[in-house]
Amino acid sequence: MAASHAPPLQLLSNGRYRVMVTAEGGGYSQWNGMAISRWHGDTSDRRQGPCCYLREADSGQVWSTAQSPLGQATDAYAAVFTAGSANLHTQCAGLDTRTEIAIAPKEDVELRRIHITNRSEVSKAVTVTSYAEVVLQARATDNAHPAFEKLFVETEVAGPTHTLICSRRPRSPDEPTPSMFHTLVAPDALDFSYETDRMRFTGRGRNSDNPQAMESDAALSGTVGAVLDPVVALRCRVTLAPGQTV
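**Q** Sorry, what's going on with the overall build of the protein here?
**A** Each helix and strand counted, the protein has three helices and 16 strands in total. Relative to the globule expectation of 18 Å for 246 residues, the C-alpha radius of gyration of the protein, 18 Å, shows essentially globular dimensions. Across its three principal directions, the C-alpha atoms of the protein cover 60 × 50 × 40 Å. The proportion of buried residues among the 246 residues of the protein is 45%. Long-range pairs, those at least 24 residues apart, make up 57% of the contacts in the protein between residues at least 6 apart in sequence.

**Q** Explanation requested: the sheet that holds strand β9 (residues 95–103) in the structure shown.
**A** Strand order across the open sheet formed by four strands is β7-β8-β9-β10, with antiparallel pairing between neighbours. If you trace the sheet from one side to the other, it starts and ends with β7 (76–81) and β10 (110–118), each paired once. Within this sheet the neighbouring strands show an average axis-to-axis angle of 10 degrees, counted without direction. The sheet contact formed by β7 and strand β8 (residues 86–92) spans six bridges and is antiparallel. In the strand pairing of β8, Ala76 is matched with Gln91.

**Q** How do you make sense of the sheet that holds strand β13 (residues 163–168) when you look at a structure like this?
**A** Consider a sheet: its strands pair through backbone hydrogen bonds, and that pairing is either parallel or antiparallel. With antiparallel pairing, three strands are arranged side by side in an open sheet as β12-β13-β14. The open sheet is flanked by β12 (153–157) and β14 (179–183), the only strands paired with a single partner. For this sheet, the mean angle separating the axes of adjacent strands, direction not counted, is 20 degrees. In the sheet, β12 pairs with β13 via five bridges, with the strands oriented antiparallel. Paired with Val157 across the bridge in β13 is Leu164.

**Q** Quick question: what am I supposed to make of the environment of Pro187 here?
**A** Relative to the elements of secondary structure, Pro187 occurs in the loop between β14 and β15 (190–197). Judged by relative accessible area, which is 76%, Pro187 ranks as exposed. Linking Pro187 and Val246, residues 59 residues apart in sequence, is a C-alpha distance of 9.3 Å.

**Q** Quick question: what am I supposed to make of the packing of aromatic side chains here?
**A** The geometry of two aromatic rings is summed up by the distance between their centres and the angle between their planes. By the definition in use, this model includes four aromatic pairs. Taken together, a centroid distance of 6.1 Å and an interplanar angle of 40 degrees make the contact between Tyr53 and Phe201 tilted. Of this pair, Tyr53 sits in strand β5 (residues 51–56) while Phe201 sits in helix α3 (residues 198–202), placing them 148 residues apart in sequence. Overall, the relative accessible area of 0% leaves Tyr53 in the buried class. Its relative accessible area of 0% is what places Phe201 among the buried residues. Ring plane angle 70 degrees and centroid distance 5.1 Å describe the contact between Phe148 and Phe152, whose orientation is recorded as edge-to-face.

Thresholds, definitions, all that
- Residues numbered from 1 in each chain as written.
- Predicted model: local features only at pLDDT ≥ 70, side-chain atom pairs only at ≥ 80, totals over all residues.
- Heavy atoms only, no water.
- Helix = DSSP H or I, 4+ residues; strand = E, 2+ residues; numbered from the N terminus.
- Rg over C-alpha atoms; globule rule 2.2 N^0.38 Å.
- Buried < 20%, exposed > 50% of the residue type's maximum accessible area, 1.4 Å probe, protein only.
- Contact = heavy atoms within 4.5 Å.
- Pairing = 2+ DSSP bridges.
- Axes fitted to C-alpha atoms, helices over the stretch in contact; angles between N-to-C directions.
- Phe/Tyr/Trp six-rings, centres within 6.5 Å; stacked < 30°, edge-to-face > 60°.

In structure tokens, the structure reads:
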């Protein structure tokens, strides 16, 4: 019998909304059979799935809250799967990061709660940036014609609530028009910005494992509308005193 080399993973669901998370932190989100975020079925490719980047202001060091998508060498990393959640733990640059991923039992909402603790003896300013590629289509259809399917997704921002809304334009009168939202709730954060154009975020010829947007703490471009390659990315800045958790 051949040995399986598939990495451990966790499936979370409330019966309608489903999330798959690998031990590296990659994966996908799906609602009633429709793909919310992009996934090609290759568990060895850590660049797939929703993720969150951190950038320490003084040193410029960049890492992600999981091994996916950067695959960086961190001081410590662990993934713990329970019956109702996936928990990812990373230590880097004197910061301890714990991410809990769960699905609301009654509402079709995916929750990713991130705790950042400053374990160093100095204050630290950190830029937090979320990122995911938007699909809003059956996965098989997206895999067959990704460039074409991307053309039908439009994005907008909902006022001062730091929420991005993505909708798929119908190609015929009887085609459904699904929508999704992506929001960042961080009461003590400053300098919120957003991006929905993948090229502006990753840069030409680059991917989520080396995005151009993480080379600085500058605000994201704020591009919305009928972009050619839709993503959702939200950015904010937090400052932590020694021992503080946000």
